Amino acid sequence: MAAARPSGSWSGALCRLLLLTLAILIFASDACKNVTLYVPSKLDAEKLIGRVNLKECFTAANLIHSSDPDFQILEDGSVYTTNTILLSWEKRSFTILLSNTENQEKKKIFVFLEHQTKVLKKRQTKETVLRRTKRRWAPIPCSMLENSLGPFPLFLQQVQSDTAQNYTIYYSIRGPGVDQEPRNLFYVERDTGNLYCTRAVDREQYESFEIIAFATTPDGYTPELPLPLIIKIEDENDNYPIFTEETYTFTIFENCRVGTTVGQVCATDKDEPDTMHTRLKYSIIGQVPPSPTLFSMHPTTGVITTTSSQLDRELIDKYQLKIKVQDMDGQYFGLQTTSTCIINIDDVNDHLPTFTRTSYVASVEENTVDVEILRVTVEDKDLVNTANWRANYTILKGNENGNFKIVTDAKTNEGILCVVKPLNYEEKQQVILQIGVVNEAPFSREASSRSAMSTATVTVNVRDQDEGPECNPPIQTIHMNENAAVGTTSNGYKAYDPETRSSSGIRYKKLTDPTGWVTIDENTGSIRVFRSLDREAETIRNGIYNITVLASDQAGRTCTGTLGIILQDVNDNGPFIPKKTVIICKPTMSSAEIVAVDPDEPINGPPFDFSLESSTSDVQRIWRLNKINDTAARLSYQNDPAFGSYVVPVTVRDRLGMSSVTSLDVTLCDCITENDCTHSAHPRISGGGVQLGKWAILAILLGIALLFCILFTLVCGASGISKQPKVIPDDLAQQNLIVSNTEAPGDDKVYSANGFTTQTVGASAQGVCGTMGSGVKNGGQETIEMVKGGHQTLESCRGAGHHHTLDSCKGGHTEVDNCRYTYSEWHSFTQPRLGEKLHRCNQNEDHMPSQDYVLTYNYEGRGSPAGSVGCCSEKQEEDGLDFLNNLEPKFITLAEACTKR
């Protein structure tokens, strides 16, 4: 047991030590960094002495309290004196208590106030000891209060280098406030390094100074690098907040809602931003008129809003506010400034115009227009000469005929009632109108207890007037047949006296008659046909012929009316085709559509009947008409007519048999579209004949002249040959064989005798009875020659190339001794015989045109000993076939066939 006592005593001491350590830790955790402020010996009331960084100690603090009532701490950490203080001791302290009311957390900051003289003494004592354990040649925070009262020179801090322990060090500074503007504001003692300020500084002019400190030995050696020193000027609340405008003017509509924004004011403060010195609060401190209070101001933004909806411009149209702005967040010791705000109340249409009377009486003479008969007045409390005051008058009832109108006098705002259409006493002696009035601007308040429009009654009495004849209705009509005979009469225009409702004593006169078709009776107004009436005339519109009639009474008073003569249609016009030119593109078209019209009414018009009208059979043979519908037909060609222009007469009849003939100019053209066709490209064909153009005729004449020149040369050349008896065979044409070098199918073309002869003569270049031939082209160039005698055959003329003639085989000029005839003899002998034989070959046994004279043969193969045999239907009428005995073997079969016939 005894042994245990020392052990218990040691355990208790250990517990007490742990509790003490925990208490010290807790106290240390609750306390923040101590702050020392250097102040003069005397402190005036409401004076800033320094600033403490509260956020660094306790960020979430929402309650700040000072343990000393002589000092006040603001939210930004500014420390102000509340009373005048004299520091009798060299040192004074107080505590700043920071707490959070939500979580009950608390912290403390100890603040020490030291007199500047004590600081200097302490530093001088340290200079004599020269015991340094840390380097001092480093930036030291330094600040001074703006507008400081001194005493000057004011000590700021000491600059000292550790190398002073080994060397004699001289200190110096340069930069703004030293050798730059503002010059001589700061200086440093060469031996001690004490930095002083010589006069007060305005922070709004210089927020801080950055100077450079140097440490050198007497011989100029620099043991330390230049040291930048920043001297910050602490702000003092020495600037009043200032409004951006001396007087603010805003406008707001009357009867606006509560909370409507009127405007915003703004003020500025030159003190340091984001401090209590520049934290402004706005307020309204006065209003004229003083009651009721209708406006409020947001303390932070300066926005002015309404607090009532009872703004009435008709009672008060302008308010004047006195406003204030104060720094230090509006605390009583903050600096403040006032300004004036004028609020104008703008008008809205919250008052209806009302008539000064509920009923009015006016009178007007009948048949008068554009006269003022009444003025009405209204009352309106809204702003004069605005859309809320100007009146718009309306006639609500009684003006169904449009006799009246009401307008607004722009100057007096009165309503002017006018007559714009004449009144008739005989029809109505009194008119009762109901008029209403509203503003130009819409009414802003919908009141259920009252109407949005004020109304009044106007009684208009119509006075009688002795007036002239009346043309009523102004347009009258009668009916007449368009084929009415000259002299036919009909009722005309009738006017009457409005007093007696009679037409007696009224005379009539024709003012306008476009074509002079009718006359008018002066006493009765009846009309008489003077010329034939034509409904289809150009001056007629919609079958109505209008004339103007003037009616007058014995006093000379007149009225004017229009008489419309409705012409009844008669079938006096045949249908016709308006488009007389028709173009048919033969490669792409086989017909064209033609459309007929009839000027008469539809009852005398379609359906139409189309037919070809011509005395010649060519029109019927070439053209055909097919009906498409009631008004159109299709014109198509047949029997493959040649290209050119044709005249095709077409007869068109209407449903009652009235007809007319239209000659169509139809062009068959080698084209794709109608625009590609030109009339000069084809000859004009009419009645089966051919009409040639002037250039074609000129070309024919030149050709004939050239032909005669050639014949004259041949005749002159033949006259030099010795005259020999000319023996002409009975049928010279049968003594010539046609040599062909093609085996292809024949051409479906028949050449006339005239054409054959002409080609034969034209192809001969050596003599009339020499080599005579005709060249026909089919595909390539192939020439057919007629040879007299038969001694030369095609077998002896086989050569290279596609073009073969007997002349080329003979190698030059071929001359027959006993055969030289003139062209006239040749033509007179062969022409009638060839024409007759060709005509007979083209007929069958019944003397009708044969359809199989020209036959097309297929390819017969190669190696036939007889060669190609065409039509051998020529009938020998005379002898003279002895030459067939001398033919080569391949012509024997042909000769035998011809001999048997």
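Residues numbered from 1 in each chain as written. Predicted model: local features only at pLDDT ≥ 70, side-chain atom pairs only at ≥ 80, totals over all residues. Heavy atoms only, no water.

- Looking up the chain in an unreviewed UniProt entry gives the name Desmocollin 2, with the organism given as Papio anubis.
- Of the comments in the UniProt record for the chain, the one headed Function (unreviewed entry) reads "A component of desmosome cell-cell junctions which are required for positive regulation of cellular adhesion. Involved in the interaction of plaque proteins and intermediate filaments mediating cell-cell adhesion." (UniProt positions renumbered as here; feature names shortened; annotations may be inferred.)

### With respect to the overall build of the chain
Here's step 1: Helix and strand counts for the chain come out as 9 helices and 53 strands.
Here's step 2: Burial statistics for the chain: of 901 residues in total, 36% are counted as buried.
Here's step 3: Taking as baseline every contact in the chain between residues at least 6 positions apart, the subset at least 24 positions apart corresponds to 66%.
Here's step 4: For the chain, the exposed surface amounts to about 52900 Å²; the carbon and sulfur share of it is 52%. (Helix = DSSP H or I, 4+ residues; strand = E, 2+ residues; numbered from the N terminus. Buried < 20%, exposed > 50% of the residue type's maximum accessible area, 1.4 Å probe, protein only. Contact = heavy atoms within 4.5 Å. Areas by Shrake-Rupley, 256 points an atom, 1.4 Å probe, with all protein chains shown as cover.)

### Observations concerning the UniProt feature "transmembrane region" (unreviewed entry) in the chain
Here's step 1: If you check UniProt for "transmembrane region" (unreviewed entry), the listed places come out as residues 695-716 in our numbering.
Here's step 2: Between the end C-alpha atoms of residues 695-716 there is a gap of 32 Å, over a span that is 100% helix and 0% strand.

### Section: the pattern of salt bridges
Here's step 1: For the structure shown, the criterion picks out 21 salt bridges.
Here's step 2: Of the charged contacts in the structure, one is a salt bridge between Glu204 and Arg203, with a shortest N-O distance of 3.3 Å.
Here's step 3: Shared partners join several salt bridges into a network, and the residues in it are Arg203, Glu204, Glu207 and Asp235. (Salt bridge = Lys/Arg side-chain N within 4 Å of Asp/Glu carboxyl O.)

### Focus: the environment of Asn413
Here's step 1: As for its placement among the helices and strands, Asn413 is situated in the loop between strand 31 (404-408) and strand 32 (415-419).
Here's step 2: Owing to a relative accessible area of 4%, Asn413 belongs among the buried residues under this scheme.
Here's step 3: Between the C-alpha atom of Asn413 and that of Ala391, which follows or precedes it by 22 residues, the distance is 6.2 Å.
Here's step 4: Excluding anything up to four places from it in sequence, Asn413 contacts Val378, Trp389, Arg390, Ala391, Tyr393 and Thr408.
Here's step 5: Only 3.0 Å separates the side chain of Asn413 from the backbone oxygen of Trp389, close enough to count as a polar contact. (Polar contact = N/O pair within 3.5 Å; in protein donor to acceptor, adjacent residues only side chain to side chain.)

### Here we look at the packing of aromatic side chains
Here's step 1: In this structure the tally under the stated criterion is 15 aromatic pairs.
Here's step 2: Ring geometry for Tyr248 versus Phe250: centroids 6.2 Å apart, planes at 15°, classification stacked.
Here's step 3: In this structure Phe250 comes out as buried when scored by relative accessible area, which is 14%.
Here's step 4: On the basis of an interplanar angle of 70° and a centroid distance of 5.5 Å, the ring pair of Phe295 and Tyr319 is categorised as edge-to-face. Within this pair, whereas Phe295 is found in strand 22 (residues 295-297), its partner Tyr319 is found in strand 24 (residues 318-326), the two being separated by 24 residues in sequence.
Here's step 5: Relative accessible area serves as the criterion here: at 5%, Phe295 is assigned to the buried category. (Phe/Tyr/Trp six-rings, centres within 6.5 Å; stacked < 30°, edge-to-face > 60°.)

### A look at the state of the cysteines
Here's step 1: Under the criterion given, the structure shown has 4 disulfides.
Here's step 2: Cys32 shares a disulfide with Cys57; S-S distance 1.6 Å. For the disulfide bridge between Cys32 and Cys57, the dihedral angle about the S-S bond is near 70°, and by the sign convention the bridge is right-handed. Of this pair, Cys32 sits in the loop between helix 1 (4-30) and strand 1 (35-39) while Cys57 is found in helix 2 (residues 54-57), placing the two residues 25 residues apart along the sequence.
Here's step 3: Each sulfur of the disulfide joining Cys471 and Cys559 lies 2.0 Å from the other. Across the disulfide from Cys471 to Cys559, rotation about the S-S bond amounts to roughly 70°, and the bridge is consequently right-handed. With Cys471 in the loop between strand 34 (454-463) and strand 35 (475-481) and Cys559 in strand 41 (residues 558-568), this residue pair connects regions lying 88 residues apart in the sequence. Cys559 matches Cys471 in its accessibility class, with the two residues each being buried. (Disulfide = S-S within 2.5 Å.)

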